[in-house]
Amino acid sequence: MVAAECDAQTADCCVVIRPNCSLSWQRTVAVYCGICVVSLTIALGFALLGFWLILPFAGLELIALAAAFYHCAVRTNSREVISIQGGTVAVMRGLHQPKESTQIQRAWASVELAEPRQRGYPARLLICSHGRKIEVGHCLNDTERRQLAVDLRRWIRLPSAPVQAA
Amino acid sequence: MSTAAAHDAHDHGPASGLSRWIFTTNHKDIGTLYLLFSLLMFFVGGAMAMVIRAELFQPGLQFVNPMFFNTMTTMHALIMIFGAVMPAFVGLANWLIPIMLGAPDMALPRMNNWSFWILPFAFTMLLSTLFMDGGGPAGGWTLYPPLVLQTGDAFPFVIFSIHMMGLSSIMGAINVVVTILNMRAPGMTLMKMPLFVWTWLITAYLLIAVMPVLAGAVTMLLTDKFFGTSFFSAAGGGDPVMFQHIFWFFGHPEVYILILPAFGIVSQIIPTFARKPLFGYSSMVYATASIAFLSFLVWAHHMFTVGMPLAGELFFMYATMLIAVPTGVKVFNWVSTMWKGSMTFETPMLFALGFVFMFTIGGFSGLMLAIAPVDFQYHDTYFVVAHFHYVLVTGAIYAIMAGAYYWLPKWTGNMYNETLGKWHFWLSTIFVNVLFFPQHFLGLAGMPRRIPDYSIQFTEFNVISSLGGFAFGLTQLLFAYIVISTIRGGKKATDQVWEGAEGLEWTLPSPPPYHSFTTAPVIK
């Protein structure tokens, strides 16, 4: 999903790209706790009767489930931010704060949509400058990616706002 | 801050050759692997059933010794349950859940690969026990101690293979839960999900709840045998009956793990060929959840004869009968969906109708078994064998075959041979009834299960049953031929395939591209 905010006066843009996520973090925690209650009740019940070897398996399984939910939540809550400000285009990636960042000059930046070699495969959206290619929008579907390519070309080409004297 | 790596342009397509299948993380590839593995195991388990029916063709011992006969009954059950039916449902889940939800793939693709590739090793290990000193496991798939502790060298290998199967199931279940909850396309709310997805969500939840119980139970058997514990040894102060409680606390939900996805498949197929929306969608969801909930409360109906308090017998009897209510809701809804529909009877619909009719027969014999005083007569007889084969063969396996015919054109891009499909259905339906229906009478007359020899008065029905078994087994070769010939070619299937089909999977091309939903799916 793409959310963009552009300032018509300064020609600056901020584009936020995030994957689709159909379960919020709060609901993920609630679902996980619900599963834990049932599994641990069963395992503790048997443990109290003396059959304690069920408990470690239940524990291991719940740890694996937690890891799976966490991994998925991290992936679906990650963000890609393309910041077009003044003469630079910055691409940042991260979860709650940028973990990776790349800056290129706006004047030299171009947007490429690499078509797939085979029909049915997704195209790849690349921001290029001086031989470097930064892929963005990997989590988008093709329709969104193609629309973003059109929009990015338009936003990057916009003339920079004149620098005001201090 | 680090600098983002620049990416080379490449298309992430399938690798070529064998490495595509070994290292694949694509849900369609893994679904295909699961389904083919399941078909292979269906024939391995089926071959063991042929040994059983050949031995039972006449009274007396003909072909195998009693020990090997019991090994065959044990292995047949383990292979059919864990190797054929469960992997078939996981294969269908892999193929269908992402494309039914509008998701690009399963949530955890690498784990998906591991959960499949554990299975060939697990079943190779299980089958290798046939060649070990003391033979394979012969104490029945329920592994009751102290009998199972008499297994020879095979014992730890059997336990380890069960652990591997359980690990595979748990990884599959975790993947299904996380995928369904996190990866639905925008607009795909829970109550818009196809019934197949709903039934799999509930099945995966059941798997997560009960698999540690099985793992713990078999590990305690192992420690009793090798590490001097006495969990189930009366001599050391343990309780062998408690193993039965623990096993069936896993085992009864396991029965629903084997049938709930079948309900989902049939709920997809009947509306398509009745050309009407499914009657009572919400009630179907709630009925499935009710069945899953009740499955935790009825385990002791498998062991009425161990000697439990009257109040316990009454509780488990009535709780078991209660399951007939949500199951009845489902059957009512399937029949109501067909009512005044523009029905056609292509092979998937025939198998779905066969499921509804014959699963109901299995359900009714289950109700008979639920009556505690009556169960004292039926317990451990061929009546029980007839009951669970009506539920699992004409229930679960018929639904899998219905699903295979229904989605095969979508998966392969080719239509199967409809005439051969109908032959497969009618021959299967005739012979499966010749095989299993007489077993009701054998059980009522008192023939015990798990014996290679029997009293002479049981001969006629055993002859009929064995003939039905051989014919049913041969008929399944036709299914393998139809599947292989459809994969190899045939009339091209359209994207929609079936006139009345609805759902996101039918909006994709046939066969679907390696990466699904490069354009946003439209949720109605």
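This structure is a prediction, so every number in the text was calculated from the model and none was measured.

**A short note on the overall build of chain B**
Step number 1: Within chain B, the secondary structure is distributed over 16 helices and zero strands.
Step number 2: Structurally, chain B occupies a C-alpha span of about 65 × 65 × 45 Å along its principal axes.
Step number 3: Out of the 524 residues in chain B, the part that is buried amounts to 61%.
Step number 4: A total of about 19400 Å² of accessible surface is found on chain B, and carbon and sulfur atoms cover 71% of it.
Step number 5: Here chain B contributes 19 positively and 21 negatively charged side chains, and the mean placements of these two sets differ by 13 Å.

**Focus on unusual backbone geometry**
Residues and elements named next belong to chain B.
Step number 1: Between P145 and P146 the backbone carries a cis peptide bond, its omega angle lying at 5 degrees.
Step number 2: Counting through the fold element by element, P146 comes out in the loop between α4 (109-128) and α5 (154-182).
Step number 3: Positive phi, close to 55 degrees, is recorded for R275, a residue that is not glycine.
Step number 4: Turning to its location among the elements, R275 is positioned in the loop between α8 (260-274) and α9 (281-294).

**Points about the packing of aromatic side chains**
Step number 1: Here the structure, examined in full by the defined rule, presents 50 aromatic pairs over all chains.
Step number 2: Here Y32 of chain A and F69 of chain A contribute two aromatic rings whose centre-to-centre distance is 6.4 Å and whose plane-to-plane angle is 80 degrees, an arrangement assigned as edge-to-face. Here Y32 of chain A, found in helix α1 (residues 25-48), pairs with F69 of chain A, found in helix α2 (residues 54-77); they are 37 residues apart in sequence, far enough to count as distant.
Step number 3: We classify F69 of chain A as buried; its relative accessible area is 3%.
Step number 4: With a centroid separation of 6.3 Å and 10 degrees between ring planes, the pair formed by Y406 of chain B and W498 of chain B is classed as stacked. Of this pair, Y406 of chain B sits in helix α14 (residues 382-412) while W498 of chain B sits in the segment after α16 (459-488), placing them 92 residues apart in sequence.
Step number 5: Residue classification places W498 of chain B among the buried positions, given a relative accessible area of 6%.
Step number 6: Above the ring of F155 of chain B, the side-chain terminus of K225 of chain B is found at 5.6 Å from the ring centroid.

**Description of the packing of α2 of chain A against helix α6 (residues 195-226) of chain B**
Step number 1: Interaxial distance between α2 of chain A and α6 of chain B falls to 8 Å at its minimum, and their mutual angle equals 140 degrees. Judged by the sense of rotation from one axis to the other, the crossing of α2 of chain A with α6 of chain B is right-handed. Residue-level contacts link I54, F57, A58, E61 and L65 of chain A of α2 of chain A to L207, I208, M211, P212, V213, A215, G216, A217, T219 and M220 of chain B of α6 of chain B.

**Digging into the interface of chain A and chain B**
Step number 1: Facing the 47 residues of chain A at the interface are 53 residues of chain B.
Step number 2: Here chain A packs against chain B, burying approximately 4300 Å² in sum over the two surfaces, 66% of which is carbon and sulfur.
Step number 3: The largest share of the area that chain A buries against chain B comes from F51, E61 and Y121 of chain A, three residues that together contribute 15% of it.
Step number 4: At the boundary of chain A with chain B, the tally comes to six residue pairs in polar contact (both at pLDDT 80 or more).
Step number 5: For the side of chain A that touches chain B, the secondary structure elements donating two or more residues are α1, α2, β5 (98-105), β8 (132-136) and α3 (142-157) of chain A.
Step number 6: Per element, the largest residue contribution to the side of chain A that touches chain B is eleven residues, and it comes from α2 of chain A.
Step number 7: Residues of the side of chain A that touches chain B, tallied by class, amount to 24 nonpolar, twelve polar and eleven charged.

**Brief notes about the sheet that holds strand β2 (residues 13-17) of chain A**
Residue and element names in this part refer to chain A.
Step number 1: Ordered by their spatial adjacency, five strands build an open sheet running β1-β2-β3-β4-β5, and the pairing between neighbours is antiparallel. The sheet is open, and its two edges are formed by β1 (2-6) and β5, each paired on a single side. Here the strands of the sheet are splayed against their neighbours by 15 degrees on average, with no regard to which way each runs.
Step number 2: Of the strands in this sheet, β1, β2, β3 (79-85) and β4 (88-94) are in contact with α3, which crosses β2 at around 160 degrees.

**Some points on the domain arrangement of chain A**
Step number 1: For chain A, the domain assignment lists domain 1 (2-19 + 80-157) and domain 2 (25-76).
Step number 2: Once you take the C-alpha centre of each, domain 1 of chain A and domain 2 of chain A turn out to be 40 Å apart.

About the cut-offs
- Each chain has its residues counted from 1, running along the sequence as written.
- Following the order in which they are written, the chains are lettered starting with A and the ligands numbered starting with 1.
- Only residues with pLDDT of at least 70 are given local features in this predicted model, and only at 80 or more are side-chain atom pairs given and counted; all residues enter the totals for whole chains, interfaces and linings.
- The basis for the side-chain values is all heavy atoms of the structure; hydrogens and waters are excluded.
- Helix and strand definitions follow DSSP, with helices as H or I runs of at least four residues and strands as E runs of at least two, each counted in order from the N terminus.
- Burial classes: relative accessible area under 20% of the type maximum marks a residue as buried, over 50% as exposed, and values in between as partly exposed (1.4 Å probe, protein chains only).
- In short, Shrake-Rupley with a 1.4 Å probe defines the accessible areas, and a residue's cover is counted only from the protein chains shown.
- Neither His nor the chain ends contribute to the count of charged residues, in which Lys and Arg are positive and Asp and Glu negative.
- All charge positions are set by atom: Lys at NZ, Arg at CZ, Asp at CG, Glu at CD.
- Two rings from Phe, Tyr or Trp (for Trp, the six-membered ring) form a pair when their centres sit within 6.5 Å of each other. Planes less than 30 degrees apart are called stacked, planes more than 60 degrees apart edge-to-face, and all others tilted.
- Geometrically, a lysine NZ or arginine CZ counts as sitting over a ring once it is within 6 Å of the ring centre and also within 35 degrees of the ring normal.
- Here an axis means a line fitted to C-alpha atoms, over the contact stretch when the element is a helix, while the angle between two N-to-C directions is reported on a 0 to 180 degree scale.
- The handedness criterion is simple: a crossing whose near helix is rotated anticlockwise from the far helix by less than a right angle is left-handed, and one whose near helix is rotated clockwise is right-handed.
- Note on contacts: a residue pair is in contact if any heavy atoms of the two residues lie within 4.5 Å.
- Summed over both partners, the accessible area (1.4 Å probe) lost when two parts come together is defined as the buried area.
- Whenever two N or O atoms come within 3.5 Å, that pair is a polar contact, provided that in protein one can donate a hydrogen and the other can accept it, and provided that, for residues adjacent in sequence, both atoms are side-chain atoms.
- Ten residues, namely Ala, Val, Leu, Ile, Met, Phe, Trp, Tyr, Cys and Pro, are considered nonpolar, four, namely Asp, Glu, Lys and Arg, are considered charged, and the remaining ones, Gly among them, are considered polar.
- When DSSP finds two or more bridges between a pair of strands, those strands are recorded as paired.
- The split of the chain into domains comes from an automatic or database domain assignment.

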